[in-house]
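One-letter residues, chain by chain:
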Amino acid sequence: MPDRPQVKYPFEFDGRWVLRYHVPYTVQHDGLPHRIVATVFAQPSVHGRIQVSCEGRPPVEYDGLTAGDTVDITGDTWRVAEVDYRTRVVLERPTEVVAEQESGVQAGE
């Protein structure tokens, strides 16, 4: 795999990241592995929870997530696109972040 580029979010595709229900994802950030797990609930209405943990650091938890909410995972902002009961939480890059990446221009330049 040496010719394969290292990517921070290996499960991201076209700016979207589908977090499957109760499937742990590992992301490398600042030289440490971070574990991300999504859970989806039906009561009182369908909503998601994302837990981000890293050994030696307090876990970060985002609860009550519905479409349109934003979360910060390892320093990057994601917008919740979909929450499907007991199936998945779909994250996508906010529009302004995708536009910056495509143009190669960073905010403030």
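Residues numbered from 1 in each chain as written. Predicted model: local features only at pLDDT ≥ 70, side-chain atom pairs only at ≥ 80, totals over all residues. Heavy atoms only, no water.

Considerations on the nonpolar core
Note the following rule: Here the nonpolar core consists of buried residues drawn from Ala, Val, Leu, Ile, Met, Phe, Trp, Tyr and Cys, with membership extended through side-chain atoms lying within 4.5 Å. Type-normalised accessible area, obtained with a 1.4 Å probe on protein chains alone, sets the label of each residue: buried when under 20%, exposed when over 50%, and partly exposed for intermediate values. Numbering of helices and strands starts at the N terminus; helices are DSSP runs of H or I of at least 4 residues and strands are runs of E of at least 2.
Within the largest apolar cluster, 18 residues are counted, with the highest numbers of intra-cluster contacts made by Trp17, Leu19, Ile36, Ile50, Ile73, Val89 and Leu91. Of all elements in the fold, only β1 (16-20), β2 (25-29), β3 (32-41), β4 (47-54), β6 (70-73), β7 (76-84) and β8 (88-92) reach the threshold of two or more residues within this core.

What to know about the pairing of β2
Basically, it comes down to this: Between any two strands, pairing holds if DSSP finds at least two bridges.
Alternating positions in β2 separate cleanly, Tyr25, Val27 and His29 being buried on one face and Thr26 and Gln28 remaining unburied on the opposite face. Looking at chain direction, β2 and β3 are connected through 5 bridges and run antiparallel. Of the residues in β3, the one forming a bridge with Tyr25 is Ile36. Here β2 folds back onto β3 in antiparallel fashion, the turn holding 2 residues, of which Asp30 has a positive phi close to 55°.

Observations regarding the sheet that holds β6
Heads up, the rule is: Angles shown run from 0 to 180 degrees and are taken between the N-to-C directions of axes, each axis being a line fitted to C-alpha atoms and, for helices, limited to the stretch in contact.
Taken in spatial order, the 4 strands of this open sheet run β1-β8-β7-β6, and their pairing is antiparallel. Of all the strands in the sheet, the pair left with one neighbour each is β1 and β6. Neighbour-to-neighbour, the strand axes of this sheet turn through a mean angle of 35°, independent of strand direction. In this structure, β7 lies alongside β8, joined through 5 bridges in antiparallel fashion. Across the sheet, Val80 pairs through a bridge with Leu91, a residue of β8.

What about the pattern of salt bridges?
Let me state the cut-off plainly: Any Lys or Arg side-chain nitrogen found within 4 Å of a carboxyl oxygen on Asp or Glu counts as a salt bridge.
As enumerated under the stated definition, the model contains 9 salt bridges in all. Between Glu12 and Arg93 there is a salt bridge whose closest N-O contact spans 3.0 Å. Of this pair, Glu12 sits in the segment before β1 while Arg93 sits in the loop between β8 and α1 (95-103), and the two are 81 residues apart along the sequence. For Glu12, a relative accessible area of 24% translates into the label partly exposed. For the salt bridge of Asp84 with Arg88, the shortest nitrogen-to-oxygen distance reads 2.6 Å. A relative accessible area of 26% means that Asp84 is categorised as partly exposed. Bridged by salt links that share partners, the residues Arg16, Arg79, Glu82, Asp84, Arg88 and Glu92 form one connected network.

None of this, on its own, says anything about what the molecule does.
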